[in-house]
Amino acid sequence: MNAISPRRVVIAGGGTAGWMAAAAISHTMGRTVELTLVESEAIGTIGVGESTIPPLAVYNRICQINEAEFMRATQATFKLGILFDGWKNGHDRYFHSFGLTGKDHWTAGFQHFWMHGLTKGHVQPYDDYCLELVAALEGKFAHLPEDRMNYAYQFDSGLYAKFLRARAEKDGARRVEGKIARVELDTESGDIAALTLESGERIEGDLFLDCTGFRALLIEQHLHAGFEDWTHWLPCDAAIAIQTENVGPPVPYTRAMAHDAGWQWRIPLQHRSGNGLVYCSRYLSRDDALARILGNLEGAPVTDPNFLRFAAGVRRHQWLRNCVAIGLSGGFMEPLESTSIHLIQRAVLRLIRMMPQGEISPRDIAEFNDQQMTDTVQIRDFLILHYKATERRDSPFWRYCASMPIPDSLAQKIELFRDTGRVFRKNEELFAENSWVQVMMGQGIMPESYHPIAGKLRDDELDNLLGGLRENVARTVATMPAHGAYIGQYCAATAPRG
Ligand SMILES: Cc1cc2nc3c(=O)[nH]c(=O)nc-3n(C[C@H](O)[C@H](O)[C@H](O)COP(=O)(O)OP(=O)(O)OC[C@H]3O[C@@H](n4cnc5c(N)ncnc54)[C@H](O)[C@@H]3O)c2cc1C
């Protein structure tokens, strides 16, 4: 590998990944790097990816992005979680909220106390103890003192890239329009030396970020990083996306509605809704998938269907030589828990932390790849849980999911929860205990026992604890305005209809 000083950072691709990288690097590194982003309007972006999770607030803070300004510019709404329809048995629904449920004790999560309550006649649902969940289902939202509300955003992906582009360019990033025709490798080192555009322009760099989406033009087509296939665990491999007019005010959550060969999303923005049917092409034809989504839209379509194909899996090396894959070029897992933009964020911030001072260190590369893979595998297990833990046997797709072998790491997590009600969060795992508990119970896994500490509470203490928590949630939600009204006064969009 060359002894290089990575002053010249070149980003190939200007989708969400490219512009998130450009905005964060230019903002934090300033003129210490010379940043160039190449994108091609003729190729365009994938045009989906509109539902996020709460850690995006960290990215916004680091980039000093004003929330109301960002929401106005991207037609954004607030998101308090995901409503899952039909995942357990076809007729059920449960909510994975971003909030805490009840109150944890250092020895045991709230589910243990709730389960003890069940044995004492407190039959109220687990959901009633979560502020974000109750607010979401009542269509309410407000910022609360002490950041009590844990939330994310739903936004227009095209407008988001434009918003970030303006910021990155202001912070010194240079944008070059054009199609990359050639990726030039250094004959001695094998590193990437330059990108040549169709126009003939040649862009040299020290560090290259591959943000070219599923094409993975640099990391795979030229550096051959390799792909670890996870389609046996996450068999959906196609999607059809359609945007529609809104029907009624936007709700503060994303919907994930299971069907007999996958699921359908509905993401409400200020000016329209995003919809998509995710499916497994082994069990559903493209024509049937199209008919299915067209038959289950709330508002009139405002775009033609966007047909997408993908494979679940991950690039074996996210950072290889002087090239880092960020976004879809690094791998993909279906958007069931809105984790892709989060993985972009993690990669970008991680890269900034490891930004080489001079020579690229093989230790940095190894550490980056290791951390990125850990994040990805933990998310992968959480996604597989939604398919594996189901009582559905009504179609070949669900029968496959119910019978497929799963990774040991997930099997252990499920067994531990089923036996003891416990979930342990490993290191900086994205999904905390309450996320696992909500999804496991929502999918029908109920613990067979709970922590003995819960039984230590006297009956009156238990009554006070559970009653107090529920009342607090109900009282707080009662004071909150409707989500649509709150958006109207806080961040009504100024952006063009994307
Ligand atoms: C069906 C589906 C639904 C999704 N939903 C969500 C969601 O709700 N939440 C979430 O977090 N994520 C979601 N994702 C993932 C999300 O869309 C992506 O993570 C995100 O959009 C980043 O994409 P990208 O920037 O890597 O790629 P792209 O948007 O494809 O951008 C690639 C860029 O590279 C450029 N490019 C490619 N080749 C060349 C070339 N030869 N020369 C010049 N430029 C080139 C393109 O022009 C473009 O600018 C979803 C993905 C899919 C498939």
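Residues numbered from 1 in each chain as written. Predicted model: local features only at pLDDT ≥ 70, side-chain atom pairs only at ≥ 80, totals over all residues. Heavy atoms only, no water.

Student: Quick question: what am I supposed to make of the overall build of the protein chain here?
Tutor: A count of helices and strands for the protein chain gives 14 helices and 21 strands. Considering only C-alpha atoms, the protein chain reaches an extent of 75 × 50 × 45 Å along its principal axes. When burial is assessed residue by residue, the protein chain has 58% of its 498 residues classed as buried. Long-range contacts, defined as pairs at least 24 residues apart, comprise 77% of the intrachain contacts of the protein chain with a sequence gap of at least 6. Just so you have it, the protein chain exposes about 20,600 Å², and 49% of that area is on carbon and sulfur atoms. If you average the places of the 51 positive and of the 60 negative side-chain charges in the protein chain, the two averages end up 1 Å apart. (Helix = DSSP H or I, 4+ residues; strand = E, 2+ residues; numbered from the N terminus. Buried < 20%, exposed > 50% of the residue type's maximum accessible area, 1.4 Å probe, protein only. Contact = heavy atoms within 4.5 Å. Areas by Shrake-Rupley, 256 points an atom, 1.4 Å probe, with all protein chains shown as cover. Lys, Arg positive; Asp, Glu negative; His and termini not counted. Charge placed at Lys NZ, Arg CZ, Asp CG, Glu CD.)

Student: Got a minute to help me understand the sheet that holds strand β10 (residues 202-204) in this structure?
Tutor: Either a parallel or an antiparallel arrangement is found when strands of a sheet pair, and the pairing is made through backbone hydrogen bonds. Here we have 3 strands laid out as an open sheet, ordered β8-β9-β10, and antiparallel in their pairing. Two strands in the sheet have a free side with no partner beyond their single neighbour: β8 (180-185) and β10. Neighbour-to-neighbour, the strand axes of this sheet turn through a mean angle of 20°, independent of strand direction. In this structure, strand β9 (residues 192-197) lies alongside β10, joined through 3 bridges in antiparallel fashion. (Pairing = 2+ DSSP bridges. Axes fitted to C-alpha atoms, helices over the stretch in contact; angles between N-to-C directions.)

Student: Just to check I follow, could you spell out the sheet that holds strand β15 (residues 262-268) for this structure?
Tutor: Pairing in this open sheet of 7 strands is mixed, and the strands run β5-β4-β14-β15-β16-β13-β17 from one edge to the other. Strand pairing shows two members of the sheet lacking a second neighbour, β5 (93-97) and β17 (306-309), which therefore form its edges. Ignoring strand direction, the axes of neighbouring strands in this sheet form an average angle of 20°. Summarising the sheet, strand β4 (residues 81-85) and strand β14 (residues 254-259) pair through 4 bridges and their orientation is parallel.

Student: Would you mind showing me how to read the packing of helix α3 (residues 67-74) against helix α6 (residues 157-170) here?
Tutor: Helices that pack against each other are described as a pair by the angle of their axes relative to one another and the distance between those axes. Taken N-terminus to C-terminus, the directions of α3 and α6 make an angle of 130°; their axes are 8 Å apart at the nearest point. As judged from the angle between their axes, α3 and α6 are oblique. Here α3 and α6 pass one another in a crossing that is right-handed. Along its contact with α3, which presents E69, F70, A73 and T74, the element α6 presents L159, Y160 and F163. Split into classes, the residues belonging to the contact of α3 with α6 amount to 5 nonpolar, 1 polar and 1 charged. (Parallel < 35°, antiparallel > 145°, perpendicular 65-115°, else oblique. Left-handed = near helix turned anticlockwise from the far one by under 90°. Nonpolar A, V, L, I, M, F, W, Y, C, P; charged D, E, K, R; others polar.)

Student: Would you mind showing me how to read empty space enclosed by the protein here?
Tutor: Over the atoms, a rolling probe the size of a water molecule traces out where space has been left empty. On inspection of all chains with the given rule, the structure shows 1 cavity of 30 Å³ or more. Size it by volume and the largest cavity reaches roughly 40 Å³. Surrounding the largest cavity, T52, I53, P55, L56, S338, I341, H342 and Q345 form its lining. Looking at the lining of the largest cavity residue by residue, the class counts come to 4 nonpolar, 4 polar and no charged. (1 Å grid on protein atoms, 1.4 Å probe; cavity = no way out; pocket = protein on both sides within 12 Å on 5 of 7 lines; lining within 4 Å. Points joined across faces, edges and corners; volume = space filled by probe spheres on them.)

Student: Whenever I open this one, the layout of surface pockets confuses me. Can you help?
Tutor: Taken as a whole, the second largest pocket holds about 1,100 Å³ of empty space. Lining of the second largest pocket is provided by 50 residues; of these, F98, N150, R425, L430 and A432 occupy positions nearest its centre. When the residues that make up the lining of the second largest pocket are grouped by side-chain class, the tally is 17 nonpolar, 18 polar and 15 charged.

Student: Can you help me understand the pairing of β8 in this one?
Tutor: Where a strand is regular, its side chains alternate between the two sheet faces. Of the pairings in the sheet, the one linking β8 to β9 comprises 5 bridges and is antiparallel in character. By the bridge assignment, E184 is partnered in β9 with A194.

Student: Can you walk me through the pairing of strand β1 (residues 8-12) in this structure?
Tutor: Burial within β1 is extensive, with 4 of its 5 residues counted as buried. Assessed by its sense of winding, the connection that carries the chain from β1 through helix α1 (residues 16-29) to strand β2 (residues 34-39) is right-handed. Sheet topology places β1 next to strand β11 (residues 207-210); 4 bridges connect them, and they run parallel. Among the inter-strand pairings, V10 is bridged to a residue of β11, identified as F208. (Right-handed = clockwise from strand over helix to strand, strands pointing away.)

Student: Mind showing me how you'd approach the packing of aromatic side chains here?
Tutor: Think of a pair of aromatic rings as described by two things: how far the centres are apart, and how the planes are tilted against each other in angle. In total, this model carries 33 aromatic pairs according to the counting rule given. With 5.9 Å between their ring centres and 75° between their planes, F70 and F155 make a pair best called edge-to-face. Of this pair, F70 sits in helix α3 while F155 sits in the loop between β6 (152-154) and α6, and the two are 85 residues apart along the sequence. With relative accessibility at 0%, the residue F70 sits in the buried group. Taking relative accessible area as the criterion, F155 reaches 0% and is therefore assigned buried. Here F382 and F431 contribute two aromatic rings whose centre-to-centre distance is 4.1 Å and whose plane-to-plane angle is 25°, an arrangement assigned as stacked. Within this pair, whereas F382 is found in helix α9 (residues 362-388), its partner F431 is found in the loop between α11 (408-420) and α12 (433-442), the two being separated by 49 residues in sequence. Every member of this aromatic cluster is reached through a ring pair, and the members are F70, F78, F141, Y151, Y153, F155, Y160, F163, Y486 and Y490. Over the face of the ring belonging to W230 we find R380, whose NZ or CZ atom lies 4.8 Å from the ring centre. (Phe/Tyr/Trp six-rings, centres within 6.5 Å; stacked < 30°, edge-to-face > 60°. Lys NZ or Arg CZ within 6 Å of the ring centre and 35° of its normal.)

Student: For this particular structure, what's the right way to read the environment of Q489?
Tutor: Within the element layout of this structure, Q489 appears in helix α14 (residues 483-491). Each C-alpha atom of the pair Q489 and I352 lies 36 Å from the other, and the pair is 137 residues apart in sequence.

Student: Please explain the nonpolar core as it appears in this structure.
Tutor: As a rule of thumb, soluble globular proteins bury nonpolar side chains together. If you look at the biggest cluster of nonpolar residues, it comprises 76 residues, and the most contacted ones within it are W87, L385 and Y387. With 6 residues, the single largest contributor to this core is α9. Not counting residues within four places of it along the chain, the set of residues in contact with L385 comprises L410, I414, W436, V439, M440, Q443 and I445. Core analysis: the next-biggest nonpolar cluster, separate from the first, contains 69 residues, A136, A168, A347 and I487 among them. (Core = buried A, V, L, I, M, F, W, Y, C linked by side-chain atoms within 4.5 Å.)

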